[in-house]
Amino acid sequence: MGLTRKDVLKLAGASAGAAAVGRLGLAGAGALPQPEAMAQASVLGSDSIITRDVAVIGGGATGTYAAIRLRDMGKSVAVIETADRLGGHTHTYTDPATGGKVDIGVIVWHELPIVRDWFARFDVPLEKASFDSPGMVSKYVDYRTGKEVTGYTPSDPSAALGAYAAQLAQYPYLEAGFDLPNPVPPDLLLPFGDFVKKYDLGAVVGTIFNFGQGLGDLLRQPTLYVFKNFGLDILRNLQVGFLTTARHNNSELYEKARAELGADALLRSRVVATDRDAAGYANILVQTPSGLKIIRAKKLVVTIPPKLDNLFGFDLDATEAGLFAQFGNSAYYTGLLRNTGIPDNMAVTNIGQGTAYNLPSLPGVYSISPSGIPGLHQVKYGSPYQLSETSVKADILAGVKRLRTAGTVDTRTPEFAVFSSHSPFELTVPTGAIKSGFYKKLGALQGRNRTFYTGAAFHTHDSSLLWQFTEALLPRIAA
Ligand SMILES: Cc1cc2nc3c(=O)[nH]c(=O)nc-3n(C[C@H](O)[C@H](O)[C@H](O)COP(=O)(O)OP(=O)(O)OC[C@H]3O[C@@H](n4cnc5c(N)ncnc54)[C@H](O)[C@@H]3O)c2cc1C
C-alpha cells in the first residue's frame, strides 16, 4: 500500500516529531527547509514512493552489512547514504599517474569466520596483513617544534600487554557491546591516565595510542572507551595476525555491494523528514539527486553517528533526543600529501618532547608516512574536538614547514592529493552519564518504535566486531 497524496502532504508537513526536532534547535546544515520540502512533496507521484521492509540509514561498514544480509534473508531494503559511495570510513584512493591504490581509511579486519564469510560472499580475497616495512626509516619528531625528540625509542609493550590483558579479561562483555553491569565497575570510569598509573601500565600507552588513533585525548578518556577500542580480540589478532584485502583495495567489497544493491542504494541522499506512524510504518522523506522520494518501511536501521545535528529530519522523541544530545566526539582526519620532499621510505611520527609517555600534543599530526607510491605520503591527524578542514590542512602544512625550518627534513610545500574528514569520530559521553546508566538506556532503544541501531557509537570503531554486533541484531530486525 502506497501513501496517498494526503498522506504525503501530512508527512511533508514535517509531522509533530519533526517540528519537535526543530524546537530542539537542530539547524540541519544543507538539508531542505521544511516549507520547501512541503511544497515539493505535495506533487510527488506514486513512482516516488518506495515501499521496503527495512530502510537503512547510512551505507558504511554496518549499513552495507545490514542491507545485504537482510536481502539475503529475503527482506527488501533501501539504503540512504549522504556520500556518493558506500563504505564510510573505508576510503581507497587511486593514484591517477600509477593506478596504485592507497587505503586512507579502514586497513585491517579480525581473523574471524564472519569476516572470512563476508569477503568470500563478494569474492574479495583476503590475506594476512603485514605491518613490516622493509627499508623504512623512522624519525620521531615533535611537530610543535619540528625537532627530533632526543633520546626517544618506542617502548617494548610485551610485558605490560600481559598485565593489560589480565585487566581486560575481567570485562568480557565489552567484546559484544555496551551491556555494562550496574553499578558500572569503577575502574572503567577512571580516566585512562589514572588507570595506567594505578596498574603501572605505562609501557602499553604508546602502542594503544597508535592503535587507537582518533580517540582524542587518550589519557583523559574513561578507561571504558580505551578497553572498547583495544580489547581482547584485538590482542588475540596481534598474535594470530589481522586480515587485509589481497588486492589491496579495501573498497572493492563496497563497490560490489553497491552494484548488488543497485537502485536500493540511494547515494548522495539525505533524510528530510521522518514519521514513524501508527499504522506501523516509518515514512521517510528523502532528498535524492533525482528529487524527493518517500521511503515507506516497516523497520528502520540507523547506522550513522547519532549526534543530534546529524539526525536532522528524524522524528526523535524526548527519550531519543535526550540520549543523543549527550554525545560528544573526537575528530580524525586523513589524507595523502604529494611532493612533501620527505624521502619515500621515511615516516615522520609525532612524539611529544617532555610530555607524559611522549604522547604528542593534539590537535596535531599523528604521522606522515610512506604510501607505497613514489612522491605520495599518508598523513593522519587527530583532535579531541571537531575542527574545520581548512584549519586541519593549514596545521598539517605548517608542521611540514617546521620540519624544514628546524633542519630535520628538507621538506617542500606539498599539495593534498586527497583529504578526508572522518569526523565526528569516537562518540563518548561523560563519566557521570556512564555511571548513571547511559548505555542501559541507549541499549533499551533497540527495537523501540520499530527502530534499530548499529554502528560505532553502539559498540566500537571496529568493522569486524560491528559486523558481529549487527549480525546478532538481524533476527529481530527481520522478524
Ligand atoms: C582512518 C580510519 C582508519 C580505520 N581503520 C580501521 C581498521 O583498520 N579496521 C577497522 O575495523 N576499523 C577501522 N576504523 C574504524 C571504522 O570507523 C569502523 O570499522 C567502521 O567503519 C564503522 O562503521 P560504521 O558503519 O559505524 O561507520 P561508517 O563506516 O563511517 O558508516 C557511516 C555511514 O553513514 C553515512 N552518513 C553519516 N551521516 C549520515 C546521514 N545523516 N544520512 C545518511 N548517511 C549518513 C556516512 O557517509 C557513512 O557512509 C578506521 C576508521 C578511520 C577513520
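How each quantity is defined
Residues numbered from 1 in each chain as written. Predicted model: local features only at pLDDT ≥ 70, side-chain atom pairs only at ≥ 80, totals over all residues. Heavy atoms only, no water. Helix = DSSP H or I, 4+ residues; strand = E, 2+ residues; numbered from the N terminus. Buried < 20%, exposed > 50% of the residue type's maximum accessible area, 1.4 Å probe, protein only. Contact = heavy atoms within 4.5 Å. Areas by Shrake-Rupley, 256 points an atom, 1.4 Å probe, with all protein chains shown as cover. Pairing = 2+ DSSP bridges. 1 Å grid on protein atoms, 1.4 Å probe; cavity = no way out; pocket = protein on both sides within 12 Å on 5 of 7 lines; lining within 4 Å. Points joined across faces, edges and corners; volume = space filled by probe spheres on them. Nonpolar A, V, L, I, M, F, W, Y, C, P; charged D, E, K, R; others polar. Salt bridge = Lys/Arg side-chain N within 4 Å of Asp/Glu carboxyl O. Arc of directions from axis to C-beta. Near = heavy atom within 4 Å. Polar contact = N/O pair within 3.5 Å; in protein donor to acceptor, adjacent residues only side chain to side chain.

Glancing now at the overall build of the chain. When helices and strands are tallied, the chain shows 17 helices and 20 strands. Counting only C-alpha atoms, the chain reaches 75 × 55 × 45 Å along its principal axes. Buried residues in the chain amount to 55% of all 479 residues. Long-range contacts, defined as pairs at least 24 residues apart, comprise 73% of the intrachain contacts of the chain with a sequence gap of at least 6. With the model as given, the accessible surface of the chain reaches about 19600 Å², and the carbon-plus-sulfur share is 54%.

To continue, consider the sheet that holds strand β18 (residues 415-421). Read across the open sheet, the seven strands follow the order β7-β6-β15-β16-β17-β14-β18; overall the sheet is mixed. Strands at the two margins of the open sheet, each flanked by one partner only, are β7 (147-148) and β18. Two elements, strand β14 (residues 331-338) and β18, share six bridges in a ladder whose sense is antiparallel. Bridge assignment links Y333 to a residue of β18, and that residue is S421.

As enumerated under the stated definition, the model contains one cavity of 30 Å³ or more in all. One number sums up the size of the largest cavity: a volume of about 40 Å³. For the largest cavity, the full set of lining residues is R276, L300, V302, L311, F314, L316, F324, T451 and Y453. When its residues are assigned to classes, the lining of the largest cavity shows seven nonpolar, one polar and one charged.

Moving on, we get to the pattern of salt bridges. Within the structure shown, the criterion is met by 19 salt bridges. Residues E148 and K139 are paired through a salt bridge, measuring 3.3 Å at the closest nitrogen-oxygen approach. By relative accessible area, which is 41% here, E148 ends up partly exposed. Residue D179 is joined to K440 by a salt bridge in which the shortest nitrogen-to-oxygen separation is 3.1 Å. Here D179, found in the loop between α6 (158-168) and α7 (186-189), pairs with K440, found in helix α16 (residues 438-443); they are 261 residues apart in sequence, far enough to count as distant. The exposure class of D179 is exposed, given its relative accessible area of 57%. Exposure remark for K440: the relative accessible area of 44% places this residue in the partly exposed category.

Within the element layout of this structure, P289 appears in the loop between β11 (282-288) and β12 (291-302). Between the C-alpha atom of P289 and that of H248, which follows or precedes it by 41 residues, the distance is 31 Å. Setting aside residues no more than four positions away along its own chain, P289 makes contact with L267, R268 and S269.

Of the positions making up helix α5 (residues 113-121), those classed as buried are I114, V115, W118 and F119. The buried residues of α5 occupy one face: seen down the axis, they fall within an arc of 125°. For α5, the exposed residues lying more than 90 degrees away from the buried face are P113, D117 and A120. Those residues of α5 that are buried lie in contact with α4 (61-72), β5 (126-128), β8 (243-245), α12 (252-261) and α17 (463-478). Positive phi shows up at D123, right after α5, with a value of about 55°.

In the vicinity of the ligand there are 29 residues, among which T62, E81, V108, H461 and S463 approach most closely. The contact in question runs from an oxygen atom of the ligand to an N or O atom on the backbone of A61, over 3.0 Å. Side-chain polar atom of N310 to a nitrogen atom of the ligand: 2.9 Å apart, as the coordinates give it. Considering the ligand on its own, with 970 Å² of exposed area, one finds that the protein chains cover 89% of that surface. When contributions to the shell around the ligand are tallied by element, the ones reaching two or more residues are α4, β14 and α17. A per-class count over the shell around the ligand returns 12 nonpolar, 15 polar and two charged.

Further remarks concern the environment of E260. With respect to the element layout, E260 can be found in helix α12. By relative accessible area, which is 32% here, E260 ends up partly exposed. As for E260 and I68, which are separated by 192 residues in sequence, their C-alpha atoms are 8.4 Å apart. Ignoring sequence-local partners within four residues, the contact set of E260 consists of I68, R71, R121 and F122.

What follows deals with the layout of surface pockets. The computed volume of the second largest pocket comes to approximately 370 Å³. Taken together, 20 residues make up the lining of the second largest pocket; nearest its centre are A176, G177, F178, D179 and F469. Among the secondary structure elements, those contributing two or more residues to the lining of the second largest pocket are α16 and α17. Per-element accounting of the lining of the second largest pocket gives the leading share, six residues, to α17. Across the lining of the second largest pocket, the residue classes tally to 11 nonpolar, five polar and four charged.

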